[in-house]
Amino acid sequence: MKSLGVIPARFASTRFPGKPLAMIQGKPMIQRVYEQAQKTTFLSEIYVATDDERIEKAVLGFGGKVKMTSTAHQSGTDRCAEVLECMEKEGKLFDIVVNIQGDEPSINPGQIDIVIESFEDPSVDISTLAKKIESLEELFNSNVIKVIKNQLNNAIYFSRHPIPYQQNIDKAKWLEGFDYFKHIGIYAFRSGILKSITNLNRSSLEISESLEQLRWIENGYAIRIEETIFESIAVDTPEDLSKFSNIS
């Protein structure tokens, strides 16, 4: 299988404008993400997808590949689809497209490999990751997205609320009574599926939770959940940069 890695990056972040260009130990964050992605086993090519010339200049400056995309996109998934379309027009075809989060400078390359490897199962159309929740703080943090899956390891639902609700059990003991998982926001798609889901209208569940993957589930697409032991730390605010003070 030939796999394309895409790192969506936009300059206009509400909580952290210019986030992809934030410096971490002498390198812009987008370079950190790009270099981690280069360590993967299965990606054939890697591109940053952006609508900002400042980000384009930075990527070209460290020798990376970049595609300029529309300013009208609502999500990184849409940017990935545009990059795929552009590559196909250039005669470059890919079986799998991986959406790599541009705000996780220490992403473990093995996480990218895991989602790609899941496509060895021909029934898989979309793949993502989840990690077991270890603390009550994470469990009840609405910024930590929770996911539950069925016996086929396909997602049943994603939520900002802990799911399931454990009736008649003190919330302080919820982690003792059930294994909760948080969603790690990396996605891989078969190319045809990526094209299809970007043409879907926003759904009621998606609007309610502000989670685009619920649109796919509502429209009957299965999302394979692969478990990872690697932690994923995202940069949401300038204060979060301090978490990476020891990054090499």
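Residues numbered from 1 in each chain as written. Predicted model: local features only at pLDDT ≥ 70, side-chain atom pairs only at ≥ 80, totals over all residues. Heavy atoms only, no water.

### Looking at the side chain of D240
Then step 1. On the secondary structure map, D240 appears in the segment after β11 (223-227).
Then step 2. When its relative accessible area of 12% is taken as the criterion, D240 is described as buried.
Then step 3. Those residues in contact with D240 that lie beyond four places of it in its chain are A234 and V235. (Helix = DSSP H or I, 4+ residues; strand = E, 2+ residues; numbered from the N terminus. Buried < 20%, exposed > 50% of the residue type's maximum accessible area, 1.4 Å probe, protein only. Contact = heavy atoms within 4.5 Å.)

### Examining the nonpolar core
For soluble globular proteins, nonpolar side chains are generally found buried alongside one another.
Then step 1. Grouped together as the largest cluster of nonpolar side chains are 32 residues, with contacts concentrated most on I7, L43, V48, V98, I100, I112 and I186.
Then step 2. Those elements that provide at least two residues to this core are β1 (3-9), α1 (29-37), β4 (43-50), α2 (53-61), β6 (96-99), α4 (109-117) and β10 (181-190).
Then step 3. By residue number, the principal contributor to this core is α1, which donates five residues.
Then step 4. Contact partners of I7, with chain neighbours within four places excluded, come to I30, V33, Y34, I46, Y47, V48, A49, I100, Q101 and G102.
Then step 5. In this structure, C80, V83, M87 and I126 belong to the second largest nonpolar core, which totals 28 residues. (Core = buried A, V, L, I, M, F, W, Y, C linked by side-chain atoms within 4.5 Å.)

### Focus on α4
Then step 1. The buried fraction of α4 is high, at seven of nine residues.
Then step 2. Those residues of α4 that fall on the buried side of the exposure criterion are P109, G110, Q111, I112, D113, V115 and I116.
Then step 3. Where α4 is buried, its residues meet β1, α1, β4, β6, β7 (126-132) and β10.

### What to know about the pairing of strand β8 (residues 146-149)
Then step 1. Where β8 and strand β9 (residues 155-159) come together, four bridges link them in antiparallel fashion. Counterpart to K146 in the pairing with β9 is S159.
Then step 2. Once β8 ends, the chain turns through five residues before running back antiparallel as β9, passing N153 with a positive phi of about 65°. (Pairing = 2+ DSSP bridges.)

### A look at the side chain of Q36
Then step 1. Counting through the fold element by element, Q36 comes out in helix α1.
Then step 2. In this structure, Q36 is in contact with P105, S106, I107 and P109, ignoring residues within four places of it in sequence.

### Section: unusual backbone geometry
Then step 1. Here the residue pair I163 and P164 is connected by a cis peptide bond, since its omega of 5° sits within 30 degrees of zero.
Then step 2. Looking at the secondary structure, you find P164 in the loop between β9 and α6 (174-177).
Then step 3. With phi around 65°, N153 is a residue other than glycine that occupies positive phi space.
Then step 4. Position of N153 among the secondary structure elements: in the loop between β8 and β9.
Then step 5. Residue S210 is not a glycine yet carries a positive backbone phi of 60°.

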